Amino acid sequence: MKVDIEQLNKSFGTVVAVHDLNLDIRAGEFVAFLGPSGCGKTTTLLMIAGIYKPTGGVIRFGERVVNTVQPRDRNIGMVFQSYALYPHMSVFENIAYPLKLKGVSKDEQRVRVQRSADVMGIGDLLHRRPGQLSGGQQQRVALGRALVKEPDVLLFDEPLSNLDARLRLTMRGEIKALQKRLGITSIYVTHDQVEALTMADRIAVMNEGLLEAYDTPDDLYDHPKTLFIASFVGNPPMNILPIQAALEGDAVILQNDALRLPVRSERALKAAQQHGDLLMGVRPEDVTLSADGALCGEVFVVEPLGREDMIDVRIGQHRLAALVTTEKRIRAGNRVRLDINADKLQFFDPASKRSILWT
Amino acid sequence: MHCAPTATGTFLGMGMAAVTTTQSKRTSSGRPNLTAYLFLMPAVVLVVLFFLIPTILVLYISMTNLTSANFTADIAQMEFIGFANFTTLFNDQFAQKILFNTLFYVLVTMAIFNVGASLFVSLLTTHINRRASFVFRALWLLPRITAGTVYIMMWRRMIADPPFGILNQALGAVGGTPITGSEYVWTFVVIVNGMIGMSFGMVIFTAAIESISKDIMNAALVDGSTMLQRIRYIILPLLRWPLLFVISYQTLSLLTSYEQILLLTNGGPGLYQTEVWALTAYHRALSNYFGNAQWGYGSAFAVVLVVIGVLLAALYMRVFRFRDLVAEPKIETL
């Protein structure tokens with residue numbers, strides 16, 4: 001089932017939660033809504049679920065306009081951050097609840113609940129109450145309940161946020177594999193970009209009620225169209241430095257009050273055609289220690305991340321984060337020379353906050 | 001203060017939680033602690049002064065033949081007659097009628113108003129616009145916060161016999177047959193009391209419904225419930241404890257309430273038509289005709305009520321598993 005969203009708007013009083021949202025979600029696609037809290041992603045999800053009615057615009061399931069269709073008539077399954085299991089019902093009753101409301105016979109309920117529970121690996125917990133289950137088990141029950149009625153669209157509202165880090169990793173893989181296997185169109189709301197990047201076919205990045213970008217994870221990461229996407233997607237976040245670019249022979253000089261960096265790259269050439277101030281973006285993994293590096297600064301903070309250290313280098317008043325191997329044994333206070341991978345640089349117009357490289 | 005979870009327990013155990021780390025089952029540690037008892041003192045003083053001593057006094061007076069004829073304030077001078085008052089009470093030809101009146105009054109008022117209507121209003125106001133629901137609930141609180149005498153006087157004007165009475169004026173205007181208060185006396189007794197008692201359940205139920213997580217409410221809709229199915233399968237089962245609590249608390253409070261009936265009908269019209277047990281105790285002891293107050297006999301009525309109340313309270317505490325509900329003192333978890 002494909003889902004189309006056209007010019008969707010939602011206001012609560014004078015507060016605009018979602019503004020002119022346009023999205024097309026293909027049948028069987030896994031789309032993530034990514035953004036900071038309050039960006040309108042959950043509001044959008046609840047409109048797709050039919051809990052909220054849109055103030056304006058159209059939501060289509062297939063060819064059918066569902067704006068005013070009740071949630072029960074949309075054939076959707078939903079998984080919540082808090083699991084939202086019914087505490088007074090057993091696991092069996094929880095999963096069977098959607099079937100019971102549909103008037104499915106007791107025998108068929110038993111068969112389908114068992115099948116759904118087995119898929120989720122909770123087939124032996126059916127007689128328990130939600131209170132007797134761990135967080136991970138509860139989330140599996142919630143998934144089982146969402147899947148049991150074979151929904152056309154699956155909605156996830158930050159389903160992994162309450163789980164511990166390790167379990168989150170496992171469930172991430174499981175949900176993705178399950179979704180691919182069942183081929184159910186899925187919409188996944190999260191503020192965790194790692195979840196979005198690893199699970200989704202496409203990511204809709206939202207900010208303050210507006211759609212910032214709607215692209216594949218790779219495109220978002222490599223070709224950020226706005227400054228917001230560049231700084232929001234990627235962990236640790238991209239370094240953003242104010243800079244001016246000037247052509248000098250066949251090299252481009254990138255400089256500001258504290259640094260002067262001659263580079264040769266197509267991206268820099270494109271940036272040099274722009275006059276005046278620019279914002280340069282460079283990811284920490286594209287900053288490397290180099291004995292003859294053009295940048296020199298003092299290490300301010302070292303954050304060991306296990307495989308790598310993240311170092312925070314002060315260059316004049318500017319800060320530059322870099323990922324370096326732990327073998328270098330960098331300590332706070334060290335002076336280091338750094339080089340930048342010029343082929344991975346990003347450039348943004350400071351006024352419009354849009355990329356100079358990608359449109 | 002230590003941070004480890006401590007044993008919850010009896011009231012005493014709660015007080016002791018600050019000084020013991022035993023996880024043992026709800027037993028306070030053997031060593032009595034002066035500080036703990038000191039903290040309990042205000043409550044103990046109140047209970048002793050305003051419940052224990054009066055109850056013992058009433059119990060004693062119910063075994064004397066104290067009336068206004070042989071009045072004395074000296075307990076030693078009162079004539080002890082054992083259980084004679086109770087024998088009289090159980091053979092009293094009106095006691096049975098009054099008992100049934102009381103049962104009828106308590107059960108009907110509770111079913112229709114204190115539980116039924118309050119649940120209905122709570123469900124209704126939690127399903128509509130928040131501001132409108134606030135106004136409705138505020139309106140329903142009015143009978144509770146209006147002074148009893150004023151409230152009853154308003155009702156008496158309202159239902160006065162024809163040609164007076166706002167109700168009859170209105171009925172007359174639309175061509176209806178006028179009604180007399182005495183005809184529908186029980187109806188009005190129940191309505192008048194119910195509208196006061198309703199707000200209690202309404203506040204409890206509304207809070208309980210509002211505290212059901214939004215996710216659960218939304219999940220129920222997504223799973224395919226209509227609003228009514230959600231009420232039946234999700235909300236009502238989750239209100240089990242508030243329901244039991246309101247039922248038990250309101251039986252006790254209705255059993256002992258008589259002020260509104262006293263002011264509205266004074267137990268009449270006719271012979272004990274709306275007389276309830278608590279009102280009888282009052283009538284016998286404090287307001288008998290010809291100024292002949294039978295304190296001893298009236299106390300016997302009160303004692304029966306106390307016994308019923310204590311038995312019911314004990315039963316409810318078992319049903320509630322009261323000890324399980326005694327929460328960890330919040331200060332420990334800060």
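Because the structure is predicted, anything quoted here is derived from the model rather than measured. In every chain, residue numbers begin from 1 and rise along the written sequence. For this description, chains carry letters from A and ligands carry numbers from 1, given in the order in which they are written. In keeping with the predicted nature of the model, local features appear solely for residues at pLDDT of at least 70, side-chain atom pairs appear and are counted solely at 80 or more, and the whole-chain, interface and lining totals rest on all residues. With hydrogens and water set aside, each side-chain value is computed from the structure's full complement of heavy atoms.

### With respect to the pattern of salt bridges
Residue and element names in this part refer to chain A.
Here is step 1: A pairing counts as a salt bridge when a side-chain nitrogen of Lys or Arg comes within 4 Å of a carboxyl oxygen of Asp or Glu. Within the structure shown, the criterion is met by 19 salt bridges over all chains.
Here is step 2: The closest approach of N and O atoms between Glu174 and Arg140, which form a salt bridge, is 3.0 Å. With Glu174 in helix α5 (residues 165-182) and Arg140 in helix α4 (residues 135-147), this residue pair connects regions lying 34 residues apart in the sequence.
Here is step 3: Judged by relative accessible area, Arg140 falls into the buried class, the value being 17%.
Here is step 4: Glu308 is the salt-bridge partner of Arg307, the closest N and O atoms lying 4.0 Å from each other.
Here is step 5: Classification of residues uses two cut-offs on accessible area relative to the type maximum, computed with a 1.4 Å probe and protein chains only: under 20% is buried, over 50% is exposed, and between them is partly exposed. Since its relative accessible area comes to 71%, Arg307 is described here as exposed.
Here is step 6: Assessed through its relative accessible area of 24%, Glu308 is described here as partly exposed. Helix and strand labels come from DSSP, where a helix needs a run of H or I of at least four residues and a strand needs a run of E of at least two; each type is numbered from the N terminus.

### Description of the sheet that holds strand β2 (residues 15-25) of chain A
All names here are of chain A.
Here is step 1: Here the rule is simple: two strands pair whenever DSSP picks up at least two bridges between them. Pairing is antiparallel across the open sheet formed by 4 strands, whose spatial order is β2-β1-β4-β5. Each end of this open sheet is capped by a strand with a single partner; those strands are β2 and β5 (64-65).
Here is step 2: With 5 bridges connecting them, strand β1 (residues 3-12) and strand β4 (residues 56-61) associate as antiparallel partners. By the bridge assignment, Val3 is partnered in β4 with Phe61.
Here is step 3: Residue contacts follow a heavy-atom distance rule, with two residues in contact if any of their heavy atoms lie within 4.5 Å. Fitted lines through C-alpha atoms serve as axes, helices being fitted only where they are in contact, and the angles separating the N-to-C directions of these axes extend from 0 to 180 degrees. Strand contacts of helix α1 (residues 41-49): β1, β2 and β4, with the helix running at about 115° to β1, the strand carrying the most contacts.

### Some thoughts on the domain arrangement of chain A
All names here are of chain A.
Here is step 1: Residue ranges for the domains originate in an automatic or database domain assignment. Partitioning chain A into domains gives domain 1 (3-232) and domain 2 (239-348).
Here is step 2: If you look at the interface, domain 1 gives 8 residues, while domain 2 gives 7 residues.
Here is step 3: Buried area: the accessible surface (1.4 Å probe) lost by two parts on joining, summed over both. In total, domain 1 and domain 2 occlude about 660 Å² of area from one another, counting both sides; carbon and sulfur atoms represent 54% of this.
Here is step 4: Counting the surface domain 1 buries against domain 2, the share from its top three residues, Tyr221, Leu227 and Ala230, is 64%.
Here is step 5: Scanning the region where domain 1 abuts domain 2 turns up 0 salt bridges.
Here is step 6: A 3.5 Å cut-off defines polar contacts: any pair of N or O atoms within that distance qualifies, except that in protein one atom must be a possible hydrogen donor and the other a possible acceptor, and neighbouring residues in sequence count only when both atoms are side-chain atoms. At the boundary of domain 1 and domain 2, one finds 3 residue pairs in polar contact (both at pLDDT 80 or more).
Here is step 7: For the side of domain 1 that touches domain 2, the secondary structure elements donating two or more residues are α7 (217-222) and α8 (227-232).

### Section: the interface of chain A and chain B
Here is step 1: With 23 residues of chain A at the contact, the number on the chain B side is 17 residues.
Here is step 2: Ranking the residues of chain A by area buried against chain B places Arg72, His88 and Leu101 of chain A at the top, with a combined share of 29%.
Here is step 3: Where chain A meets chain B, there are 1 salt bridge.
Here is step 4: Of the charged contacts, one joins Arg145 of chain A and Asp223 of chain B as a salt bridge, the two residues approaching to 3.3 Å between their closest N and O atoms.
Here is step 5: Linking chain A with chain B are 8 residue pairs in polar contact (both at pLDDT 80 or more).
Here is step 6: Elements represented by at least two residues in the side of chain A that touches chain B include exactly α1, β6 (76-80) and α2 (91-102) of chain A.
Here is step 7: Throughout this entry, Asp, Glu, Lys and Arg are counted as charged residues, while Ala, Val, Leu, Ile, Met, Phe, Trp, Tyr, Cys and Pro are counted as nonpolar. The remaining residues, Gly among them, count as polar. Its residues assigned to classes, the side of chain A that touches chain B shows 15 nonpolar, 4 polar and 4 charged.

### Details of the packing of aromatic side chains
Here is step 1: By convention, a stacked pair of Phe, Tyr or Trp rings (six-membered ring in the case of Trp) has centres within 6.5 Å and planes under 30 degrees apart, an edge-to-face pair has planes over 60 apart, and any other such pair is tilted. For the structure shown, the criterion picks out 15 aromatic pairs over all chains.
Here is step 2: Ring centres of Trp277 of chain B and Phe301 of chain B lie 4.9 Å apart, and the angle between their planes is 50°; on these two criteria the pair is classed as tilted. Linking Trp277 of chain B in helix α13 (residues 277-286) with Phe301 of chain B in helix α14 (residues 295-320), this pair joins segments that are 24 residues apart in sequence.
Here is step 3: Take Trp277 of chain B: its relative accessible area is 5%, and that puts it in the buried class.
Here is step 4: Under the relative-accessibility criterion, Phe301 of chain B is labelled buried at 1%.
Here is step 5: Every member of this aromatic cluster is reached through a ring pair, and the members are Phe30, Phe156 and Tyr188 of chain A.
Here is step 6: Note that Arg314 of chain A overlies the ring of Phe300 of chain A, its terminal NZ or CZ placed 3.8 Å from the centroid. Only lysine NZ and arginine CZ atoms are considered, and such an atom sits over a ring when it is within 6 Å of the ring centre and within 35 degrees of the ring normal.

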